[in-house]
Amino acid sequence: MISLEDKKSWSFSTKQALYEYDTSLNGLSQQEVTTRQKQFGYNILSTKSKATPFLLFINQLNNPILMILIVAITISSLTGAFTDSLIILAIVLASVVLSFIQEYRANDVISKLTQKIQQQSRVIRNNQPVTIASTQLVIGDIVVLSAGSLIPADGLVLECDDFLVNQSSLTGEALPIEKNTIPSNPETVLANRQNCVYAGTTVISGSATIVVTAIGNKTELGQIAKSLSSRPLENDFQKGIRHFGYLLTKIMVFLAILVFVINFLAKRPLIDSLLFSVALAVGITPQLLPAIINITLSSGSRLMAKSGVIVRHLSAIENFGSMDILYTDKTGTLTEGVLKLDEALDAKGNPSLSVFRYAYLNAYFQTGMVNALDQAILSKQTLEVSSISKQDEIPYDFKRKRLSIIINQQQSCNMITKGALEKVLQQCQHIQINDRVAALQPEDRDSIYERMKSYSDQGYRVLGVACKEVEKKQQYPVSDESDLIFCGFLLFYDPPKEEVIEIINDLNRLGVDLRIITGDNQWVALHTAKTIQLTVKSVLNGQDLNQLSDDELLNRIDAISLFVDVDPSQKERIILASKKRNHVVGYMGDGINDALALRAADVSISVNTAVDVAKEAADFVLLEKSLAVLKQGIILGRKTFANTLKYVYITTSANFGNMFSMAGAVLFLPFLPLLPKQILLINFLSDIPALMLASDAVDDDMIAQPHRWNIHFIRDFMMTFGLISSLFDYLTFVVLFFGMRANQTLFQSSWFTVSIFTELMVLLVMRTQKPFFKSKPAPLLLLTSLIVAVVTILLPYTPFQTLFNLQPIDLGLLLILLIITGLYILTTEIVKVWFYKRHRL
């Protein structure tokens, strides 16, 4: 059995590491894996508590006003009002249980969806390569890494080939670090341990086999995560919800205290006054807002999953719906993503078997990133390479945009370079024409560029191939990529998707401006844009982008729809510039070179087949790389956002008005307008249909264009419709108290009834900007509203009437209350039309 004592594994040789961790290159057996999982646990960062049912239930009680109410209930029971205290407590607990059930279901949905996009690792077990969830890794596992891998655990390098790792997330070092198997000094600091890799860092190029030395919280990343308690940054939607909740709660608590003071000065019973004030605060605060948001977002994520969009961060759904610019690469998104090698041509544009052979050898022997270009070359034709051996490799990177392989063949050593034509040609001083090598003249360069432009205009992606004979040695630096002989062109073709024109038009109608960021040259990108009928306002290439200051880019960014020949850091810069122009920016990418841009975007979108680092950075993962799926995600995001706002609007229009009504009523009524238990019962019954808003239908206007959180709009909405609600509350007071001369029980019973009626009706009216009879609500919303209305009418005729101090209302008075409700709804409907004409969300 191995131990977790500080081994300083970076000082071990390969042989010693295998001995210390009791493993071999053949991997662990399943029995040993099970034993180690029991001993050391799973590869999980446990810094965040799991949302257990108990914790979710306790979280429902995490409401200061609710806690005050429970204290008040306790005091009331001690003073003799035991029955009333039990009734109020039962209503509070019923409300808490209702919220808990909904939130528990929401969390269960999120958990199941997240499992679909778990990070995977390639390991050797029982001498067989297998793919497992990274959480299942154990100490001593043998893991195979390749370009694009997100390193799943801390480990020691056993074998490697041109292995470059970006560990900036851990050390802050921006440049990739080349790793090797050479043991380090025991005192070597983390950043300089060149034979170690760390969880959370990413493989840039090459490949390696490692032995896992630490998992979960024992990794370097885990130690840092444990020491940090900072929460993730809030997005605009989260900030808006929090600020709105704080504002509304502060106002309501203030007025609740004011009502208590007025009752106290009126010499009403102290405990009754306290219970009334606190119950009033509970009834009019948006206490269900966090639960409604979680339920609505999780419901949206479930619907998105059915459309092929997995939501990794729930709070990003609002941004998905608010997105007005989407940046994407063209390959696989706008095009089929199946690259085919059409031709291998010499420098004069003639078909050339020797150029194809050079390209084939380069693709065959390279061990860096698996990519579609090399796959296209290798699938074109199979060549015999058994007599050739690889000497070394200069891996591809996104600055050089080329890859060189050094091979041994027929007693000579040759370098073969393949990559972006401009980058290859920069390193060439000679040209091969037929079998003759000559100096590369300026007119030759012009001719090559003209051919490249001609091929690009035809829709081809063009790579260059160069070679030279080199002196045989152990390693070749990048500086050896010089004085090359230009050999010819590789022409690749990736046809546009058939449905892409229609989808782009659909996105435009949804108010989303599609823009292309690509590493391809200008002519290829322009050809693709023309083919798919994408309007190109302006083009900017990577070289010109480097010449622009941040302010200059900021001034030009809105007019540019096509960015060509860009590198990863430039992608991030483009995203940030658009965000500064107050756009909600989406970015769709699946490669290592997309990670920076994905992290910078408001809405980061990747695909299930993406490299680990891209999926880890994404808010949304598409199960297929398709703009059609993306379009459905945008629509569902907007529906989810709209249904979240519905609860906010209804809370402000009905409950905010009730607050003023209650505050005013206590000034002239000789009794409390409603008993505390009646207020809480109103709150409980009206919340039942409100929970059904998550599945409600949404107006086309809310889907047609992106919308954002607008606190000023909500403030105006709250004041306008809150005052209307108060006006009709006071009309009800006057009719009951002065017109009908109602006693306390009849007054409270009548207002209890009309309060629920108006809450239910305003729920149906304010859920849409259209006339309410022209917008069909969700069946569950309508059904629960009808059930609550019937329960409200029947309640005074049941044995529960005594518990809640209610009495039956005669038919004449009930008719008057229904007329007041109807007038309130009619007025609200008329003002709603006026309001939406003057205000835009």
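Since the model is a prediction, treat every value here as computed from it, not as a measurement.

Definitions and cut-offs
- Residues numbered from 1 in each chain as written.
- Predicted model: local features only at pLDDT ≥ 70, side-chain atom pairs only at ≥ 80, totals over all residues.
- Heavy atoms only, no water.
- Helix = DSSP H or I, 4+ residues; strand = E, 2+ residues; numbered from the N terminus.
- Buried < 20%, exposed > 50% of the residue type's maximum accessible area, 1.4 Å probe, protein only.
- Contact = heavy atoms within 4.5 Å.
- Areas by Shrake-Rupley, 256 points an atom, 1.4 Å probe, with all protein chains shown as cover.
- Pairing = 2+ DSSP bridges.
- Axes fitted to C-alpha atoms, helices over the stretch in contact; angles between N-to-C directions.
- Phe/Tyr/Trp six-rings, centres within 6.5 Å; stacked < 30°, edge-to-face > 60°.
- Lys NZ or Arg CZ within 6 Å of the ring centre and 35° of its normal.
- Parallel < 35°, antiparallel > 145°, perpendicular 65-115°, else oblique.
- Left-handed = near helix turned anticlockwise from the far one by under 90°.
- Expected span 1.5 Å × (residues − 1).
- Salt bridge = Lys/Arg side-chain N within 4 Å of Asp/Glu carboxyl O.
- Patch = residues over 30% accessible without salt bridge, like charges linked within 9 Å, V, L, I, M, F, W, Y side chains within 5 Å.
- Nonpolar A, V, L, I, M, F, W, Y, C, P; charged D, E, K, R; others polar.
- Bend = angle between axes of the 7 residues up to and from the residue.

**Some details on the overall build of the protein**
- Along the backbone of the protein there are 30 helices and 23 strands.
- Counting all 841 residues of the protein, 55% fall into the buried class.
- Taking contacts inside the protein between residues at least 6 apart in sequence as the whole, the part at least 24 apart equals 73%.
- When the accessible surface of the protein is totalled, it reaches about 36800 Å², and 56% of it is carbon and sulfur.

**Topic: the sheet that holds strand E20 (residues 562-564)**
- The eight strands are arranged E8-E23-E22-E21-E9-E18-E20-E19 in an open sheet whose pairing can be described as mixed. Across the chains shown, the open sheet's two edge strands, defined by having one partner strand only, are strand E8 (309-311) and strand E19 (539-541). Strand-to-strand twist in this sheet, taken as the mean axis angle between neighbours without regard to direction, amounts to 20 degrees.

**A short note on the packing of aromatic side chains**
- Under the definition given, this model contains 23 aromatic pairs.
- Each ring, one from Tyr327 and one from Phe563, has its centre 6.0 Å from the other, and the planes form 65 degrees; the classification is edge-to-face. With a gap of 236 residues between them, Tyr327 in strand E9 (residues 325-328) and Phe563 in strand E20 connect regions that are remote in the sequence.
- Among the residues examined, Tyr327 registers a relative accessible area of 0% and is labelled buried.
- Plain terms: the ring middles of Phe671 and Phe737 are 6.2 Å apart, the flat faces sit at 70 degrees to each other, and that makes the pair edge-to-face. Of this pair, Phe671 sits in the loop between helix H23 (627-668) and helix H24 (676-690) while Phe737 is found in helix H26 (residues 711-739), placing the two residues 66 residues apart along the sequence. The burial state of Phe671 is the same as that of Phe737; both residues are buried.
- The structure contains a cluster of three or more aromatic residues connected by ring pairs, namely Phe671, Tyr730, Phe733, Phe737, Phe738, Phe747 and Trp751.
- Seen from the ring of Trp10, Arg193 lies directly overhead, with NZ or CZ sitting 3.5 Å from the centre.

**Structural notes on the environment of Ile787**
- Inspection of the secondary structure puts Ile787 in helix H28 (residues 779-794).
- Taking relative accessible area as the criterion, Ile787 reaches 46% and is therefore assigned partly exposed.
- Along the primary structure Ile787 and Pro689 are separated by 98 residues, whereas in three dimensions their C-alpha atoms are 9.2 Å apart.

**Re the packing of H26 against helix H27 (residues 744-765)**
- Orientation of H26 relative to H27, taken along the N-to-C sense of each, is 150 degrees, at an axis distance of 10 Å. By the criterion of interaxial angle, the relationship of H26 to H27 is roughly antiparallel. The two elements H26 and H27 meet at a crossing, and its hand is right-handed. Contact with H26, carried on its side by Asp729, Thr732, Phe733, Leu736 and Phe737, involves Phe747, Ser750, Trp751 and Val754 of H27 and no other residues of that element.

**As for H27**
- For H27, with 22 residues, the first-to-last C-alpha span of 31 Å sits near the 32 Å given by 1.5 Å per residue.
- With 19 of 22 residues buried, H27 is to be regarded as a mostly interior element.

**Quick look at unusual backbone geometry**
- The backbone of Asp483 shows a phi angle near 55 degrees, a positive value even though the residue is not glycine.
- With respect to the secondary-structure elements, Asp483 resides in the loop between strand E16 (460-469) and strand E17 (484-493).
- For Asn582, which is not glycine, the phi torsion reads 70 degrees and is therefore positive.
- Tracing the backbone shows Asn582 in the loop between helix H20 (568-580) and strand E21 (585-588).
- For Asn582, a relative accessible area of 56% gives the class exposed.

**Some words on the pairing of E21**
- Because side chains alternate across E21, one face comprises the buried residues Val585 and Tyr587, and the other comprises Gly586 and Met588, equally buried.
- Sheet topology note: the E9/E21 ladder contains four bridges and is parallel. From the neighbouring strand, Ile325 faces E21, where its bridge partner is Val585.

**Concerning the pattern of salt bridges**
- Going through the model one piece at a time under the given rule, you end up with 22 salt bridges.
- When the shortest N-O distance is used, the salt bridge between Lys390 and Glu393 registers 2.5 Å.
- Take Lys390: its relative accessible area is 24%, and that puts it in the partly exposed class.
- Judged by relative accessible area, Glu393 falls into the buried class, the value being 2%.
- For Lys537, the salt bridge identified is with Asp513, shortest N-O distance 3.7 Å. Here Lys537, found in the loop between helix H17 (522-531) and E19, pairs with Asp513, found in strand E18 (residues 513-517); they are 24 residues apart in sequence, far enough to count as distant.
- What makes Lys537 partly exposed here is its relative accessible area of 48%.

**Some points on a nonpolar patch on the surface**
- Residues Ile257, Val261, Phe264, Leu265 and Leu270 make up a contiguous nonpolar surface patch of roughly 490 Å² in combined accessible area.
- Per-element tally for the nonpolar patch: the top contributor is helix H8 (residues 236-265), with four residues.
- Topologically, Leu270 is positioned in helix H9 (residues 270-284).
- Residue Leu270 is classed as partly exposed on the basis of its relative accessible area of 46%.

**A few points about the packing of helix H15 (residues 442-457) against H17**
- Where H15 contacts H17, the axes come no closer than 8 Å and their chain directions differ by 15 degrees. Relative to H17, H15 is oriented roughly parallel. Read as a crossing pair, H15 and H17 show a hand that is right-handed. Contact residues: Met452, Lys453, Ser456 and Asp457 in H15; Trp523, Val524 and His527 in H17.
- In terms of residue class, the contact of H15 with H17 is built from three nonpolar, two polar and two charged.

**Structural notes on H23**
- Taking 1.5 Å per residue, 42 residues should reach 62 Å; H23 reaches 62 Å between its end C-alpha atoms and fits that length.
- Along H23, the helix axis deviates most sharply at Thr652, where the bend reaches about 25 degrees.
- The buried count for H23 comes to 35 of 42 residues, which makes it a mostly enclosed element.

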